[in-house]
Amino acid sequence: MGIIGVSRLELEQHKLNVASPYLIEQVWADYTPEQHAVWAELVTRRMSQLRESACREYVDGFELIGLRADRLPDLRAVSARLEPRTGWQSTPVSGFLPADAFFEMLAARMFPTTTWIRARESMEYTPEPDIFHDVFGHVPMHAHPVFADFLQHYGMICARLIHDPVELERMGRLFWFTVEFGLIRQAGEIKVYGSGLISSHGECSRVLAGGCEVREFDLEAIMDQEIDTGAMQPVLYAVESFEQIYEAMKLAEERLD
Ligand SMILES: [Fe+2]
């Protein structure tokens, strides 16, 4: 509870409309030693590859938001480091959100974050996102100001398109090929920044080994590109800088006016 008897959860719920029922508290003390050990194993294995093959903004973001290899993150501590930099929070939610609630949270710079962690038997893959995918995979990039602005604008635009399923599907493809599976060229090399690659050892290794075609970022081509969310990706897109995806958002926004 806060000093005037209002909990942080209640304060957060006040800021939101449709997403409010999905907000929960993360009870960090309830994680078991085994769950911390699963997190530690996942982070240690991924960081040994990502220190070389993730973009530098991701590696910097990992340090800036205070993630550690030896214990699961406390989302309040993550948000306390993130919010002064870019205004983003990592906000605990109960699971998958309907589209309108998801976009409302992005537009408010609150990243919907699950709090459960996969079991040891599913180290490589979970069909639904867990705290490893959501925090380790996504949140470090939110410490980068341009990416942070891009993601908020994405949420605002999609919230306005909520009754236009055709345009919303096209915007979903943009999310897929940037936030989830995005690549960037840095110092002549392909680096990963998409959370699906950051958090998956198998898929990331396949992409880095040349196992998929890499095309130059092209907003229209991406929005026309069909995706199979259950398969390994045959084609991915590389940006030259994060300004490129922010500019793409401004173009998408202008088309709405
Ligand atoms: Fe994701």
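Everything below is about the structure printed above this text.
Residues numbered from 1 in each chain as written. Predicted model: local features only at pLDDT ≥ 70, side-chain atom pairs only at ≥ 80, totals over all residues.

### Some words on the nonpolar core
Thought 1: Core analysis: the biggest nonpolar cluster contains 66 residues, and Tyr58 and Val192 have the highest contact counts within it.
Thought 2: Sorting elements by how many residues they give to this core places helix α7 (residues 145-160) first, with seven residues. (Core = buried A, V, L, I, M, F, W, Y, C linked by C-beta atoms within 7 Å. Buried ≥ 20, exposed ≤ 12 C-beta atoms within 10 Å, placed from the backbone. Helix = DSSP H or I, 4+ residues; strand = E, 2+ residues; numbered from the N terminus.)

### Focus on unusual backbone geometry
Thought 1: Look at arginine 109: it is not a glycine, yet its phi comes out positive at around 60°.
Thought 2: Along the chain, the position of arginine 109 falls in the loop between α5 (99-107) and β2 (110-113).
Thought 3: A residue is classified by how many C-beta atoms lie within 10 Å of it, and arginine 109, with 20 of them, is buried.
Thought 4: For alanine 187, which is not a glycine, the phi torsion comes out positive at approximately 50°.
Thought 5: Mapped onto the fold, alanine 187 is located in the loop between β3 (183-186) and β4 (189-192).
Thought 6: Take alanine 187: there are 6 C-beta atoms within 10 Å of it, and that puts it in the exposed class.

### Quick look at the pairing of strand β6 (residues 235-239)
Thought 1: Relative to β6, β3 is paired through two bridges, and the arrangement is parallel. In the strand pairing of β6, isoleucine 184 is matched with valine 239. (Pairing = 2+ DSSP bridges.)

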